[in-house]
Amino acid sequence: MRMILLGGPGSGKGTQGEMLAREFGVPRLSTGDALRAAVKGDTELGRKAKPVMESGGLVADEIVLAIVESRLAQQDTAAGFILDGFPRTTAQAVALDAMLQRHGTPPLDVALDLEVKDAELVQRLLLRAQQQGRTDDREEVIRNRIRLYGEETRPLLDYYAAQGKLIAVPGSGAVDDVFRNIVLRLAEAFDKPAPGARLG
Ligand code: AP5
Ligand code: MG
């Protein structure tokens, strides 16, 4: 399974991505997590990314592409992967397609879009701010992340729809219900029995 996760900030990419990674036995690669680790480690890359992330902006394509390329070169992604939060721009999407081709990796199977209304995204992230204190979970920064999602990332829905790879699912409701529905939709798309059926 080679999948990317689309969906606004707080739509559940991390939550569902972890569950899907377990379901399909493939690693989940989050560019946000990788960048936060670089910031925490105070690496050169982290120092570049920090102010951009704190303002809710998008880190430069070449930085993010270097992270993804080195991660996809590792052997554990050979059988598949779930990319969480990448690609986020058309340039990144085009570069990913080219990267897979260059490495002789089969193309993506699915672009999964988690649909959640903006008002709910804000609510979720403000709640998480109280629980975890991620530095970009501040209201004005959240609004900037949502705005940039609309401007830079939403056009990718058309990009992947044109390739026949887009599956859009509701991202609201209970986490387990969202997950079950995703697994069903994937099973339908690939015309196989639902692996999630055993979840009852
Ligand atoms: P990134 O880490 O990718 O953040 P994001 O896209 O803003 O999304 P989040 O991680 O906040 O949310 P999520 O969709 O993973 O949802 P989650 O499961 O956590 O990126 C951070 C920054 O890094 C970017 O702003 C940018 O600066 C930079 N960056 C990263 N990738 C980049 C790229 N490719 N190019 C350029 N820059 C890049 O859920 C959110 C909350 O909701 C949690 O508290 C969760 O418990 C809760 N929740 C989940 N599901 C449900 C549900 N069904 N009902 C109720 N609550 C729920
Ligand atoms: Mg996340």
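Residues numbered from 1 in each chain as written. Chains lettered and ligands numbered in written order. Predicted model: local features only at pLDDT ≥ 70, side-chain atom pairs only at ≥ 80, totals over all residues. Heavy atoms only, no water.

1. Brief notes about the site of ligand 1
Note the following rule: Near residues are defined by distance, with any heavy atom within 4 Å of the molecule or strand qualifying the residue. Throughout this description, a polar contact denotes any pair of N or O atoms lying within 3.5 Å of each other; where both atoms belong to protein, one of them has to be capable of donating a hydrogen while the other can accept it, and for residues adjacent in sequence the pair is counted only when both atoms sit in side chains. For every accessible area listed, the method is Shrake-Rupley and the probe measures 1.4 Å; residues are considered covered only by the protein chains on display. Helix and strand definitions follow DSSP, with helices as H or I runs of at least four residues and strands as E runs of at least two, each counted in order from the N terminus. Just so you know the grouping, Ala, Val, Leu, Ile, Met, Phe, Trp, Tyr, Cys and Pro go in nonpolar, Asp, Glu, Lys and Arg go in charged, and all remaining residues, Gly too, go in polar.
Among the 30 residues in the neighbourhood of ligand 1, the closest are listed as Thr15, Gly57, Arg88, Arg128 and Arg145. With respect to ligand 1, the side chain of Arg128 contributes an N or O atom lying 2.7 Å from an oxygen atom. In this structure, an oxygen atom belonging to ligand 1 sits 3.0 Å away from a side-chain N or O atom of Arg134. Calculation on ligand 1 without its partners gives an accessible area of 1,000 Å², and the protein chains cover 87% of this total. When residues in the shell around ligand 1 are grouped by element, the largest group, four residues, is from helix α2 (residues 31-40). Of the residues in the shell around ligand 1, the class split is nine nonpolar, 13 polar and eight charged.

2. Points about the nonpolar core
Generally speaking, a soluble globular protein has its nonpolar side chains buried in company with each other. This is how it is decided: Residues belong to a common nonpolar core when they are buried Ala, Val, Leu, Ile, Met, Phe, Trp, Tyr or Cys residues joined through side-chain atoms within 4.5 Å. Here the term buried applies to any residue with accessible area under 20% of the maximum for its type, exposed to any over 50%, and partly exposed to those in between, with areas from a 1.4 Å probe on protein chains only. Residue contacts are counted whenever heavy atoms from the two residues lie within 4.5 Å of one another.
Of all hydrophobic cores here, the largest spans 26 residues; its most connected members are Ile4, Leu6, Leu35, Leu72, Leu83, Leu96 and Tyr160. Listed by contribution, the elements that provide at least two residues to this core are β1 (2-6), α3 (44-54), α4 (61-72), β3 (81-84), α5 (90-102) and α8 (155-162). Of all the elements, α4 adds the most residues to this core, at six residues. Beyond its immediate stretch of four places on either side in the chain, Leu35 contacts Leu45, Ala49, Met53, Val59, Ile63, Val64 and Ile67. In terms of nonpolar packing, the next biggest core, distinct from the first, is built from 18 residues, Leu112, Val178, Phe179 and Ile182 among them.

3. Brief notes about unusual backbone geometry
The peptide bond linking Phe86 to Pro87 adopts the cis configuration, its omega dihedral lying at -5 degrees. For Pro87, the position within the fold is in the loop between β3 and α5. You will see that Asp42, though not glycine, has its phi angle at about 55 degrees, which is positive. Along the polypeptide, Asp42 turns up in the loop between α2 and α3.

4. Quick look at the pairing of strand β4 (residues 110-115)
On a regular strand, each side chain points to the face opposite its neighbour's, so the side chains alternate between the two faces of the sheet. Basically, it comes down to this: What makes two strands pair is DSSP finding at least two bridges between them.
With five of its six residues buried, β4 lies for the most part within the structure. Bridge analysis of β1 against β4 gives four bridges, and the strand direction is parallel. Across the sheet, Leu5 pairs through a bridge with Leu112, a residue of β4. Strand direction decides the pairing type here: β4 and strand β5 (residues 166-170), joined by five bridges, are parallel. In the sheet register, Glu115 faces β5, and the bridge partner there is Pro170.

5. Points about the packing of helix α7 (residues 139-153) against α8
Rules: Between N-to-C directions, angles span 0 to 180 degrees; the directions come from axes that are lines fitted to C-alpha atoms, helices contributing only their stretch in contact.
Running from N to C, α7 and α8 point in directions that differ by 35 degrees, and their axes come no closer than 5 Å. Taken together, the residues of α8 that come into contact with α7 (itself represented by Gly150, Glu151, Glu152 and Thr153) are Pro155, Leu156 and Leu157. Each residue belonging to the contact of α7 with α8 can be placed in one class, and the counts come to three nonpolar, two polar and two charged.

6. Some words on the sheet that holds β1
Adjacent strands of a sheet pair through backbone hydrogen bonds, lying either parallel or antiparallel. An order of β2-β3-β1-β4-β5 is seen for the five strands of this open sheet, with the pairing classed as parallel. Each edge of the open sheet is held by one strand with a lone partner, namely β2 (28-30) and β5. Neighbouring strand axes in the sheet, compared pairwise and without regard to direction, differ in orientation by 20 degrees on average. Strands β2 and β3 of the sheet are contacted by α2, whose axis makes an angle of about 55 degrees with β2.

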